[in-house]
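Structure assessment
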Amino acid sequence: MVNQIVRYMEEGSDCESWREHRAKRADFMWLAKEGMLMAGTNGVQLWDTSFIVQALVETGLAEDEGNRESLLKAQRWLDQCQIRENPKHFESGYRQATKGAWPFSTKTQGYTVSDCTAEGLKGTLLLQEHLSYTPKLLDAQRLYDAVDVLLSMQNSSGGFASYEKIRATQLVELLNPAEVFGNIMTEYDYPECTTSVITGLSHFKKYYPNYRAAEISDTIRKAIKYLHSIQRPEGGWYGSWGICFTYATMFATESLSLVGESYRTSDHARRACEFLVSKQQKDGGWGETYKSCETGIYHQNPKSQVVHTSWAVLALMYAGYPHREPIEKAVRLVMSRQLPDGSWAQESIEGVFNKNVAIAYPNFKFSFTIWMLGRAHRYLETLEG
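Residues numbered from 1 in each chain as written. Predicted model: local features only at pLDDT ≥ 70, side-chain atom pairs only at ≥ 80, totals over all residues. Heavy atoms only, no water.

1. Quick notes on the overall build of the chain
If you tally the helices and strands in the chain, you get 14 helices and 6 strands. On the principal axes, the C-alpha backbone points of the chain span a range of 75 × 50 × 50 Å. A separation of at least 24 residues holds for 65% of the contacts in the chain among residues at least 6 apart in sequence. As presented, the chain carries roughly 18,100 Å² of accessible surface, and 53% of it is formed by carbon and sulfur atoms. When the 41 basic and 45 acidic side-chain charges of the chain are each reduced to a single mean position, those positions are 2 Å apart. (Helix = DSSP H or I, 4+ residues; strand = E, 2+ residues; numbered from the N terminus. Contact = heavy atoms within 4.5 Å. Areas by Shrake-Rupley, 256 points an atom, 1.4 Å probe, with all protein chains shown as cover. Lys, Arg positive; Asp, Glu negative; His and termini not counted. Charge placed at Lys NZ, Arg CZ, Asp CG, Glu CD.)

In structure tokens form, the structure reads like this:
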């Protein structure tokens, strides 16, 4: 918006730059029943697409004839969305490399995001390696490019930030001019970004075991050590990009499972499960509010949420939680909320950034519910009693 105003003041409305700004404005600002709304980005396309792809592949729904055309389209879109080049003068300008990365929304957005690159990589691998009908649209070199970006982003702590490595001391937060946003002046390590990278690299290693193998193993080892170090005493992980402990703990137990840590073998995984089960509500569901993100303390939502419930059950299943009752209760709760047309109603907000800015992810109520129910159907069959 600032750029648009400056262009208007300098060049007026009868110029190409003003017309281009006006065309793009609809991506960020629109009128709804609540009034004027504004988005922080031009959408969440990569983020949603990668999760929906993973949900359909991992539940077996991707092989259904009726879903094949949609997944072929998703594969083509992931192909087109990958950033294929670095910015000009990116090294001298202290920019993060972008060649091989995926953005948060579209290729137009143009900047690297660590977890989006990892989830885009995982989604692409699942489409290309797990399905019987998909072509190999991304060759090995393009997958190597994605891995190169991820390996370049690990911080000395072992963790990963969002857009680039940490390049400044936290003292620069003293210059933060924002009244709304916290922790915006430099990068920080985030458990969700770290866990997505662990997951993406672990899946890549299965299919390409010889490419930078030692570096990938060392990166994962350091990231797991970081993940262990930031687990809260009560067993959860604080989430900075979703609400909140439920969200981050789901990603954490998935990553731990990929290095062999489960409820039976790992104190970290076991404490995570016990933490989540302690927060299950009487109706079988889970629900958190954004106040958890503000305060750093788990805040129960007065009503359970299908998205939070799905995250919690996925976390328990990733960890190999051996008791079926909490999972069965949660499955029944999510199934009971399904509407006649197959959808779920929008409930409380699911996302957040910079501690107190809430983000709506309307597709989460589809991707994660389907993902959880599909996995739970098979998982419960493996449990006794």
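2. A short note on the environment of Glu-384
Turning to its location among the elements, Glu-384 is positioned in the segment after helix H14 (364-382). Residue classification places Glu-384 among the exposed positions, given a relative accessible area of 76%. Separated by 102 residues in the primary sequence, Glu-384 and Lys-282 have C-alpha atoms spaced 23 Å apart. (Buried < 20%, exposed > 50% of the residue type's maximum accessible area, 1.4 Å probe, protein only.)

3. What to know about the packing of aromatic side chains
Tallied over the full model, the rule gives 27 aromatic pairs. Each ring, one from Phe-51 and one from Trp-371, has its centre 6.1 Å from the other, and the planes form 45 degrees; the classification is tilted. In this pair, Phe-51 is assigned in helix H3 (residues 45-58) and Trp-371 in helix H14, connecting sequence segments 320 residues apart. Take Phe-51 and Trp-371: they sit in the same class, and that class is buried. (Phe/Tyr/Trp six-rings, centres within 6.5 Å; stacked < 30°, edge-to-face > 60°.)

4. Comments concerning the side chain of Ser-114
Mapping Ser-114 onto the fold places it in helix H5 (residues 114-130). Take Ser-114: its relative accessible area is 0%, and that puts it in the buried class. The residues touching Ser-114, leaving out its near neighbours within four places in the chain, are Leu-150, Met-153, Ala-161, Ser-162, Cys-193 and Val-197.

5. Description of a nonpolar patch on the surface
A contiguous nonpolar patch, built from Leu-171, Leu-174, Leu-175, Val-180, Phe-181, Ile-184 and Met-185 and spanning about 690 Å² of accessible area, is present on the exposed surface. Considering the arrangement of structural elements, one finds Ile-184 in the loop between helix H6 (140-151) and helix H7 (191-207). By relative accessible area, Ile-184 is classed as partly exposed at 34%. (Patch = residues over 30% accessible without salt bridge, like charges linked within 9 Å, V, L, I, M, F, W, Y side chains within 5 Å. Salt bridge = Lys/Arg side-chain N within 4 Å of Asp/Glu carboxyl O.)

6. Focus on H14
Taking 1.5 Å per residue, 19 residues should reach 27 Å; H14 reaches 27 Å between its end C-alpha atoms and fits that length. For H14, every residue scored as buried is listed here: Phe-364, Lys-365, Ser-367, Phe-368, Thr-369, Trp-371, Met-372, Gly-374, Ala-376, Tyr-379 and Leu-380. (Expected span 1.5 Å × (residues − 1).)

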